[in-house]
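Chains, contacts and geometry: an overview
So the chains spell out like this:
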Amino acid sequence: MELIELRSIEKTYQMGDIAVPVLKGISLAIRQGELLALTGSSGSGKSTLMNILGCLDRPSAGEYWLDNQEISKLSSDERAMLRNRKLGFVFQSFNLLARTSAIDNVAMPLSYTAENLSEREARKRAAEMLARVGLADRLGHYPSQLSGGQQQRVAIARALINRPPVLFADEPTGNLDSKTSEEVLQMFERLNTEDGITIIMVTHDPKVAGHAKRVIRMDDGVILADAAPAGSGRETPGGGAP
Amino acid sequence: MRLYATARTAFRALRRNPMRAMLTTLGIVIGVGAVIAMMEIGAGSSATLKKTIASMGANVLVIQPGTASSGGVSFGAGSTTTLTPEDSQAILRECPAIRNATPMVRARTQVVYGNRNWVPNAIYGTTPAYLEVQNWSILAEGEPFSERDVLNGNRVCILGQTLVRELFEGASPLGKDIRIKNIAFRVIGVLTPKGANMMGFDQDDVILAPWTTIKYRVTGASLSTSNQSTDATASTSVNTLSNLYPATHGTLYPEQSAAQQADNPMPVRFANIDSIMAAANNSGEISMAIEQITGVLRERHRIRGDDPDDFNIRNMAELTKTLSTTTTLMTNLLLAVAMISLVVGGVGIMNIMLVSVTERTREIGLRMAVGARGRDILRQFLVEAVVLCLTGGAMGIILGHGGSLLVKFLLHWPVETSPAAIAAAVLVSAGVGIIFGFYPAWKASRLDPIEALRYE
Ligand SMILES: Nc1ncnc2c1ncn2[C@@H]1O[C@H](COP(=O)(O)OP(=O)(O)OP(=O)(O)O)[C@@H](O)[C@H]1O
Ligand SMILES: [Mg+2]
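The rules we used
- Residues numbered from 1 in each chain as written.
- Chains lettered and ligands numbered in written order.
- Predicted model: local features only at pLDDT ≥ 70, side-chain atom pairs only at ≥ 80, totals over all residues.
- Heavy atoms only, no water.
- Helix = DSSP H or I, 4+ residues; strand = E, 2+ residues; numbered from the N terminus.
- Buried < 20%, exposed > 50% of the residue type's maximum accessible area, 1.4 Å probe, protein only.
- Contact = heavy atoms within 4.5 Å.
- Areas by Shrake-Rupley, 256 points an atom, 1.4 Å probe, with all protein chains shown as cover.
- Buried area = accessible area lost by both parts, 1.4 Å probe.
- Salt bridge = Lys/Arg side-chain N within 4 Å of Asp/Glu carboxyl O.
- Polar contact = N/O pair within 3.5 Å; in protein donor to acceptor, adjacent residues only side chain to side chain.
- Expected span 1.5 Å × (residues − 1).
- Arc of directions from axis to C-beta.
- Axes fitted to C-alpha atoms, helices over the stretch in contact; angles between N-to-C directions.
- Left-handed = near helix turned anticlockwise from the far one by under 90°.
- Nonpolar A, V, L, I, M, F, W, Y, C, P; charged D, E, K, R; others polar.
- Pairing = 2+ DSSP bridges.

This brings us to the overall build of chain B. Counting its secondary structure elements, chain B contains 15 helices and 14 strands. Burial analysis of chain B (456 residues in total) assigns 46% to the buried set. Looking at chain B alone, contacts between residues at least 24 apart form 77% of all its contacts between residues at least 6 apart. Carbon and sulfur atoms form 61% of the exposed surface of chain B, whose accessible area is close to 22,300 Å².

Across the boundary between the two partners, chain B contributes 22 residues, which contact 25 residues of chain A. Each partner contributes to the roughly 2,200 Å² buried at the junction of chain B and chain A, and carbon and sulfur atoms together form 53% of this total. Viewed at the interface, chain A and chain B are joined by 2 salt bridges. The salt bridge partner of D77 of chain A is R375 of chain B, with a shortest N-O separation of 2.8 Å. Our count for the contact surface shared by chain B and chain A stands at 9 residue pairs in polar contact (both at pLDDT 80 or more).

So, about helix 4 (residues 119–132) of chain A. Residues and elements named next belong to chain A. Taking 1.5 Å per residue, 14 residues should reach 20 Å; helix 4 reaches 20 Å between its end C-alpha atoms and fits that length. For helix 4, every residue scored as buried is listed here: A122, R125, A126, M129 and L130. Axial view of helix 4: buried residues confined to an arc of 140 degrees, hence all on one face. In this structure, helix 4 carries R120 and K124 as exposed residues pointing more than 90 degrees from its buried face.

Here the focus is the packing of helix 13 (residues 374–411) of chain B against helix 14 (residues 419–445) of chain B. Residues and elements named next belong to chain B. The N-to-C vectors of helix 13 and helix 14 enclose an angle of 150 degrees; their axes lie 7 Å apart at closest approach. Like other packed secondary-structure pairs, helix 13 and helix 14 cross with a definite hand, here right-handed. Across the contact of helix 13 with helix 14, the residue classes tally to 19 nonpolar, 6 polar and no charged.

So, on to the pairing of strand 4 (residues 61–66) of chain A. For a regular strand, side chains alternate in direction, first toward one face of the sheet and then toward the other. All names here are of chain A. Inspection of the sheet shows strand 1 (residues 2–15) paired to strand 4 by 5 bridges, in the antiparallel sense. Looking at strand 4, one finds that R7 is bridged to E63. In terms of strand pairing, strand 4 meets strand 5 (residues 69–70) through 2 bridges, oriented antiparallel. Residue pairing in the sheet places W65 in a bridge with E70 of strand 5.

Turning next to the side chain of S356 of chain B. Residue and element names in this part refer to chain B. Within the secondary structure layout, S356 lies in helix 11 (residues 316–359). Given a relative accessible area of 5%, S356 falls into the buried group. When residues no more than four places from it in sequence are discounted, the contact partners of S356 are R20, F381 and E384.

Nothing here speaks to function; it is geometry throughout.
Below is the structure:
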């Protein structure tokens, strides 16, 4: 079953009188449990596509099916609820709340869930999540007291607190050295294989893309190639929509 | 519970910059403090004023005969004699807004006891109802005269404290006879002290007696209502008592049979009185009472259509209103200044909230990315502004209350703690938070998550 299906998605920005097409008809199908890397030259529209996939933005045209639901026509409140329940985000610059402890950072998305956990339960769940990313002994630390890799792991814990089926990461290792990048990527692989979380990440780094099971190359708003990384021997069908 | 969590988040956000929060809220602190202090001091002085007014008889209406004029020359209020005791009774009977009414006759003449004499401010001829009208029913000594004394024209009187002091040098006057225009009056009661009224008029410098006695024995002719103290010096020349008062006691007004009344609808006028004093049920009904009295008297006096009244109605409310208006004006003026301070404080809040929204653009973007809706962001910033204002309001209440206590102990001004003012202060500061916090919060809620996340 397809978890995500894009049908001729277009995105055009209007700069005054000039229309700037950024995505020019993207069709794509992603199954549950994939670990997918999105690569391509700068300005090719990767982040724009990610924002649409992540329900932060709406396409100018085309259909977006997520979990058998058409997304592109939803209101911003409905999209916010969807993001809260089904999608997790990891950013290049971590985006942790300053002067807020790791555990409170991780628990933050819970305050926007409909189920309304009590303060104690929320903290308990946040502590569990931090333990899973290997930071059980850093609960009370502020972001300024954590290394870059640790901060990104806090961010991953935050993204996973609502147990979403999909995790989006826009250049998650862009601010990390190669060793900590490797740690973060191994964590992604573990989450993908052990918990079956679908992970979609944007990267420039071929080494990072090498960890993915499927790599999509974009150029100038279209998909150039959609394949397993070199040497893996697997082939995934590209351009999901017939 | 959600609100509680939001409030906690707001506190945490404010604690990140306590100094800035303090300075921001200073305007609210000062504004609320000023409001509280003004309200408490204002409430204190208006309570004192109310007490003073109550001692003067706040609900009292005085009905005087109208102005006589002849060829364009007005003779001033009271220059005609149009009021009768029956008018007083009719007012009491027919005006629902009137609690009590009493006819009044006024004299001003010398009073003698032994070898001492004194000219009191006023000698009032009235009925026992006067004491009730004036809230003066409790006497210091003795007892009031009765309706029977009024009907019989008995020579009894009640003295004010000033007379006790002047004539009796403080000794008890009960049972003693004083002489007014050579007529002996038995003192049967002494009024409680009331002090000076707001114009400095000594309210204790009075003698009360049955109006019939004053009317027929002291002032003599019904038309002579003028100041009598001048001819009092020549008192020897007047008063061969027997021909001045009616020989028959008991009924001053001959009973009319129903047939007589039908035959002769114009009431026979037996006596003119100087004024009628009436008490309204409460100060709120004064204007209604005036209307009703006007109606009754116009009908009784057969005044038609547009003809002017032959009487006029004065009430203390006019006077007390003027006096209380002055204090209210002062309080309101200061309140207005306090309100301006609150508005200035609110603008300060708005300014800082706008700065805060800009500073935390990325945080807002992040919160939106993890599922905060526009209204969640709106509420977060609104709660933050309200928390800021309420904190300021709480400090302001403490400051203002402390200030008014200081005024009480240092200047001995009357001060009254007012829970309403405190409740108002809490509401106002929360209101300021909502009003001035709304725009920044709304702005935050309208941010686009992608742009907010990208914001440097
Ligand atoms: N809000 C916007 N308004 C107008 N044009 C935009 C906007 N956002 C992006 N673009 C344009 O869309 C194009 C694609 O941008 P995008 O951020 O998706 O590129 P990218 O592939 O993520 O690049 P990089 O690898 O450098 O992050 C760029 O040419 C950019 O100028
Ligand atoms: Mg990008």
